[in-house]
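Working through the structure, step by step
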Amino acid sequence: MENREPVPRVLRVAIHARLCSPLEYLPPEGVSADSVLPGTRVRVPVGRREAIGVVIEPAAEATVAISALRAVRELLDPQPLLDPALMRLLEWAAGYYHHPLGEVIAAALPPALRQGGPAQALIERWRVTGDGRAALAAAALARAPRQRSLLLMMSGAAEGIDAEDLGRQVAGWREAARALRARGWIERLERPADESLPQPVTAPAPALPLSEAQQQAVTRIDGSAHEFAAWVLRGATGSGKTEVYLQCALRTLARARSVLLLVPEIGLTPQLVQRCRERLQVPVVVLHSGLSDAERLCAWRACRQGSARVLLGTRSAVFAPLSPLGLIVVDEEHDGSYKQYDGGCRYSARDLALVRARQLSIPVLLGSATPSFETLHNLQAGRYQGLVLPRRDDQAPAPRLALVDLRSHVLHQGLATPVIETMRAHLAANRQVLVFINRRGYAPTLLCTACGWIAPCPACDARLTVHRAEAQLRCHHCGRLEPLPARCRRCGHEVKPVGQGTERVEETVRELFAEHALVRLDRDSAARAGGSEAIVASVLSGAARILVGTQMITKGHHFPGVSLVVVLNADQGLFSTDFRAAERLAQTIVQVAGRAGREHLQGEVLIQTEYPEHPLLQSLLAGGYDGFAAAALAERAAAQWPPFARLAALRASARSADAALKFLAAARQCAPVTGDVRLLGPVAAAMAKRADRYHAQLLIESAERAPLHRLLDQWLPQVDTLARAGRVRYALDVDPIDIQ
């Protein structure tokens, strides 16, 4: 007798809620469960409310009695909104990061789709009904001239009139339309909108000639077009990584496949967006958190419908529904912006890009002048393949790096005398200067010169930062704002700002070099409409001779006129408790140094420090990033820290420090005992109080990935029960990139 698969009777549905497993529902009346495909959105009852969910799978058997199940209220999509490949990626992410699948799916969708909006843009249209035509013939609206006029207008169009056209022709038409619709004389229709993107009309920009190393990289990457391969493209800033991206993208597009290009911060890379549009000559869309909900929805729809051939986006774009996808590029793969830090699933977009490429059997290209230690370790282990771009023949030699010992020189508002003199020499030679300090605001501290009072944030274990231009004190951790006081709030004596931020450096440099135009690029200046684009344009045009900025200036910019880079306050990363701090500092120094000498002129980099003998700085000067990384990786291996071990962090916050620590202590007590996994802590976070909550963490460490995840699978349901009972918020961070 033939064995048959059981017929599906129920639907498993994931909703946007912190639930460990999908909910079960009966299909709508008259619909068989097996006809509802995974990835389809549904409207379902949850308690006394309704929710939008996504079907995970039809199932033959329910985990409870069928009589106890409720039915799906409405199917929202005639075809699945999420295709099988994207569902597979989302399910992998939920499993690996141990996060509810419904919340992972919700994070991958634009807000309008999470709320049940249409998957395709619709055009509102109005048409006269048969009863309406009869009413016109009977002159039934003699006493309602506006309604009669509207009905006459609609009757002249057999297929109806678009609402947009009605709005242009008749002011306030909707009130009359409501009355006519209530009588059944007109009806509202919807038709799909044409959302195809316009093709570029400009002539394509010519391709740049490739060096031998670039050509080899393009050939090897393109040779893996139909299989998974993880390529790491290394090269100094200006060595031509972007040209390799574009040439690989062109070849992918020629095979009728789409391209996903991930960047750390889309608002800082207008040059790359423009370059893609000019060179690739296909519709290019962008997707990032700075867009409005409507813009995000439009970009997402363009990807799903195939009209977008290239997507350029930040970390959330890794979930974009591009199909068929042929190439993924992760630019500046080392950048911490690819990690989701707060709220929801704490995923790494770089790592998910690798998983997505593996699932689709396509190549993924990781580019960086300063690869992360994880990437370097995978290269050494043979899991990734390396490509190196040496400095081009027409490119300036590597910039000269030099340390300026702050203990040996007079300072002028934080700038050492040799630095000022070198800046003067470069400006006199009609070159540009970049001053880097990774701290925004005017000063990090407001100090009373009499009693020693320091302006604190009452909600955080942090000092309020002085923003003199707005006459404000701000907390950069919780966002608190206070007016800038003229006197000490404790003793009434004078107060003064202590330390440096970008605003104060800007003020000092303006005083020293009043004859030269200066601009500042940090999160505050970039927040203004068109801020970052205008600032970058002024540097590129040469109108601005000096640029002061934070880490934002290290990402994706090409400043051909900059010949000198000055690094201020480099010491803040030398003595951190976070084991990754040295890696991040080295990457920042090398990246910002790459802004100097981008054309034919050798650049110069001056690093101010009070610790010129520090091993990190010395290894950078002696062996560059490669030499530093080799020594630092050896230290990591000896200490068994990532990438030579697997790490997860269980983080908790509560209204009291005691509650957070007690919760983590109880969680540790109920953890399964295993010799393969170590639990470290709990301890208070480096900043214990933040936004009126107290934070603590418990580290989970293992030499291998599998034992760590087995423990988490068994343990987290108990952790969740403890958190609910203790009213404690917690979050699991798998593969954390910082130890808070």
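Everything below is about the structure printed above this text.
Computed from a prediction, not measured in an experiment: that's the story for all the values here. (Residues numbered from 1 in each chain as written. Predicted model: local features only at pLDDT ≥ 70, side-chain atom pairs only at ≥ 80, totals over all residues. Heavy atoms only, no water.)

**Remarks on the overall build of the protein**
Note the cut-off: Under the DSSP-based scheme used, a helix requires at least four consecutive residues in state H or I and a strand at least two consecutive residues in state E, with every element numbered from the N terminus. This radius of gyration counts C-alpha atoms alone. The globule rule is 2.2 Å times how many residues there are, raised to the power 0.38. Contact criterion: two residues are considered in contact whenever any of their non-hydrogen atoms come within 4.5 Å of each other. With residues, only the protein chains shown are counted as cover, and all accessible areas are computed by Shrake-Rupley using a 1.4 Å probe. In summary, the charge assignment counts Lys and Arg as positive and Asp and Glu as negative, without counting His or the chain termini. The atom standing in for a charge is NZ when the residue is Lys, CZ when it is Arg, CG when it is Asp and CD when it is Glu.
The secondary structure content of the protein amounts to 21 helices and 32 strands. Relative to the compact-globule value of 27 Å for 740 residues, the protein shows a C-alpha radius of gyration of 30 Å, a close match. Seen along its three principal axes, the alpha-carbon backbone of the protein occupies a region of about 95 × 70 × 65 Å. Once local pairs closer than 6 in sequence are excluded, the contacts in the protein between residues at least 24 apart make up 75%. A total of about 33,200 Å² of accessible surface is found on the protein, and carbon and sulfur atoms cover 51% of it. Side chains of the protein carry 87 positive and 74 negative charges; the gap between the two charge centres is 4 Å.

**A look at helix α12 (residues 349-360)**
Put simply, the rule reads: A helix's residues, less one, multiplied by 1.5 Å, set its expected span. Note on exposure labels: buried denotes an accessible area under 20% of the residue type's maximum, exposed denotes more than 50%, and partly exposed covers the range between, all computed with a 1.4 Å probe on protein chains only.
Between its terminal C-alpha atoms α12 stretches 16 Å, which fits the 16 Å expected from 12 residues at 1.5 Å a residue. When α12 is considered as a whole, its buried residues turn out to be A349, R350, L352, A353, L354, V355, R356 and A357. Its buried side turned inward, α12 meets α1 (84-96), β9 (229-235), β10 (258-262), β13 (325-331), β14 (363-368) and α13 (373-380). Phi turns positive one or two residues past the end of α12, at S361, with a value near 55°.

**Observations concerning the packing of aromatic side chains**
Filter applied, for reference: In summary, the pairing rule links any two rings of Phe, Tyr or Trp, Trp by its six-membered ring, whose centres are within 6.5 Å, and it sorts them by plane angle into stacked for under 30 degrees, edge-to-face for over 60 and tilted for everything else. For a Lys NZ or an Arg CZ to count as sitting over a ring, it must be within 6 Å of the ring centre and within 35 degrees of the ring normal.
Enumeration over the complete set of coordinates arrives at eight aromatic pairs. Ring plane angle 10° and centroid distance 4.8 Å describe the contact between W92 and Y96, whose orientation is recorded as stacked. With W92 and Y96 both in helix α1 and four residues apart, the pair spans about one turn of that helix. Residue W92 is classed as partly exposed on the basis of its relative accessible area, which comes to 32%. Here the aromatic rings of F373 and F628 are separated by 6.0 Å at their centres, their planes lie at 45°, and the arrangement is tilted. Of this pair, F373 sits in helix α13 while F628 sits in helix α19 (residues 615-639), placing them 255 residues apart in sequence. For the residue pair F373 and F628, the accessibility class agrees, reading buried in each case. Pairwise contacts between aromatic rings join W92, Y96 and Y97 into one cluster. Above the plane of the ring of Y730 lies R18, whose end atom (NZ or CZ) is 4.8 Å from the centre.

**Comments concerning empty space enclosed by the protein**
Note the threshold: Cavities and pockets were defined on a 1 Å grid built from protein atoms only: a cavity is a group of points that admits a 1.4 Å probe but offers it no way out, a pocket is an open group of points flanked by protein on both sides within 12 Å along at least five of seven lines, and a lining residue is one with an atom within 4 Å of any such point. Grid points are joined across faces, edges and corners, and a volume is the space filled by probe spheres set on the points. Each residue gets one label: Ala, Val, Leu, Ile, Met, Phe, Trp, Tyr, Cys and Pro are nonpolar, Asp, Glu, Lys and Arg are charged, and the others, such as Gly, are polar.
Taken as a whole and assessed by the stated rule, the structure comprises four cavities of 30 Å³ or more. By volume, the largest cavity amounts to about 70 Å³. Contributing elements (two or more residues each) for the lining of the largest cavity: α2 (101-108) and α11 (293-305). Here the residues of the lining of the largest cavity are counted per class, giving nine nonpolar, one polar and one charged. The space that makes up the second largest cavity amounts to roughly 60 Å³. Y245, L246, A249, V259, L261, C276, L280, V310 and V329 together form the lining of the second largest cavity. By residue number, the principal contributor to the lining of the second largest cavity is helix α9 (residues 241-254), which donates three residues. Its residues assigned to classes, the lining of the second largest cavity shows nine nonpolar, no polar and no charged.

**Describing helix α4 (residues 130-137)**
Counted only if it meets this: Along the arc lie the directions from the helix axis toward the C-beta atoms.
Restricting attention to buried positions, one finds in α4 the residues G132, A135 and L136. The arc that holds the buried residues of α4, viewed along the axis, is 100°, so those residues lie on one side. Turned more than 90 degrees away from the buried face of α4 sit G130, D131 and A137, all of them exposed. Turning to α4, the residues buried within the fold contact β6 (122-128) and α5 (145-155). A139 sits one or two residues past α4 and shows a positive phi near 55°.

**Comments concerning the packing of α5 against helix α7 (residues 173-182)**
We apply this condition: To get an axis, a line is fitted to the C-alpha atoms, and for a helix only the part in contact is used. The angle between two axes follows their N-to-C directions and goes from 0 to 180 degrees. Any angle from 65 to 115 degrees is called roughly perpendicular, while one under 35 is roughly parallel, one over 145 is roughly antiparallel, and all others are oblique.
For the pair α5 and α7, the least separation of the axes is 9 Å and the interaxial angle reads 85°. By the angle class used here, α5 and α7 are roughly perpendicular. On α7, the residues that touch R146, Q147, L150 and L151 of α5 are W173, A176, A177, A179 and L180. Its residues assigned to classes, the contact of α5 with α7 comprises seven nonpolar, one polar and one charged.

**Overview of unusual backbone geometry**
With an omega dihedral of 10°, the bond running from P642 to P643 counts as a cis peptide bond. Of note, P643 is situated in the loop between α19 and β29 (646-654). Omega for the bond connecting G681 with P682 falls within 30 degrees of zero, at 10°, which places this linkage in the cis form. With respect to the element layout, P682 can be found in strand β30 (residues 677-690).

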